[in-house]
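Inside the fold
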Amino acid sequence: MELNPLEFGFGLAASFAAGACIGSFLNVCIYRWPLGMSTNDPKRSRCFNCKQEIPWYDNLPIISWFLLGGKCRQCGASFSIRYSMVELLNALLFLHIFWTFGLTAATAVYFLWAAMQVVGSFIDIDHTIIPDRITLTGTILFPLLVIVLNLSGHSESLVVSDWRDALFGAAFASGFIYLIRFLGTIAFGREAMGLGDVKLMAMNGALLGWWRSLFVIMGLGPALALLVVGVAWVISRKKMEKFAEIPFGPYLCLGSYVALFWANSILEWWLGLDPGSTAHLDSLWRRVLGW
Ligand SMILES: [Zn+2]
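Residues numbered from 1 in each chain as written. Predicted model: local features only at pLDDT ≥ 70, side-chain atom pairs only at ≥ 80, totals over all residues. Heavy atoms only, no water.

Below, the discussion takes up the environment of Leu158. When you line up the elements, Leu158 lands in the loop between α5 (132-151) and α6 (163-188). You can call Leu158 buried: its relative accessible area is 5%. Put simply, Leu158 and Tyr110 are 48 residues apart on the chain and 8.9 Å apart in space, counted from C-alpha to C-alpha. The residues touching Leu158, leaving out its near neighbours within four places in the chain, are Ala106, Val109, Tyr110, Val146 and Leu149. (Helix = DSSP H or I, 4+ residues; strand = E, 2+ residues; numbered from the N terminus. Buried < 20%, exposed > 50% of the residue type's maximum accessible area, 1.4 Å probe, protein only. Contact = heavy atoms within 4.5 Å.)

Next up, the structure:
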């Protein structure tokens, strides 16, 4: 749907605001889900120190932390800036998705997907586990969404718009990372990667297609992990073993996001191809198999 500049500007502002508010809910999921707590009960957030309920005007997404100087109004206990940063991150992701896809089905699908990547990443950072309620839900939900949108003629805006390519992407991505995990476990004599990463790539593969998933698993994921670990090592000067236990999930999520938006441009730039010439790659496997 074509939007005039005013409508587009309103859409961007609404996406940012919605992203911030949903980010606030994501913080609740990140904190409560691994502890087996309900996101509904207690309804309002409480200060972890004085147990006072935090009133709505002190619980505004992104800005309240700054207004209160990062402290509880009642007892003065310090709150982590991470809550605000998660809200800001989700707001910026929503803004960027709307900027790219406008008022389309793709925007709705990628909003949902990005929010799930944020929750999965931060739970993985805190607990080195990505809950099944994210990955298994996504593995069922996203192929189903692509099938429904494709068969009803609304999937054109998606990066991978053909349901066969989505299903193949999910199967390929999870199969490939399972193989890497299997080989890594033999090579290192211990579990090289969690099964959570396998399920995560099944979910992401449905939206990325097969070759972007390959790009994430073999290229962007490890490259981002090395970059962050390298920078952290230079800054902290801690022993390298300290970083061996760092979860891979957040890098797969970040790599998947980069791949979804820029894999085609990166590949064309890298191989010096004409713009748009990588468009047929998603369905390449069908021609190889003669489907
Ligand atoms: Zn307090």
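Next up on the list: the coordination of the zinc ion. Protein coordination at the zinc ion comes from Cys47 (SG), Cys50 (SG), Cys72 (SG) and Cys75 (SG), with a distance range of 2.3 Å. Each of the four donor atoms bound to the zinc ion contributes to angles spanning 104 to 112°, and the resulting shape is tetrahedral. Along the chain, the residues donating to the zinc ion fall in the pattern C-x2-C-x21-C-x2-C. (Donors = N, O, S within 2.8 Å, 3.2 Å for Na, K, Ca; no water. Tetrahedral: all angles 85-135°; square planar, octahedral: opposite > 155°, others 65-115°.)

Quick look at the packing of aromatic side chains now. Evaluated as defined, the whole model comprises 15 aromatic pairs. Considering the side-chain rings of Trp56 and Tyr57, the 5.7 Å spacing of their centres and the 85° angle between planes classify their relative orientation as edge-to-face. For Trp56, a relative accessible area of 57% puts it in the exposed group. Under the relative-accessibility criterion, Tyr57 is labelled partly exposed at 43%. With a centroid separation of 5.6 Å and 45° between ring planes, the pair formed by Phe261 and Trp262 is classed as tilted. Phe261 gets classed as buried once you look at its relative accessible area, which sits at 14%. (Phe/Tyr/Trp six-rings, centres within 6.5 Å; stacked < 30°, edge-to-face > 60°.)

This part covers the state of the cysteines. Summed over all chains, the structure comprises zero disulfides. For the unlinked cysteine Cys29, the closest cysteine sulfur is that of Cys21, found at 14 Å. With a relative accessible area of 2%, Cys29 lands in the buried category. Cys253 carries a free sulfur, and the closest cysteine sulfur to it, the one in Cys29, is 15 Å from it. With a relative accessible area of 5%, Cys253 lands in the buried category. (Disulfide = S-S within 2.5 Å.)

By themselves these figures say nothing about function.
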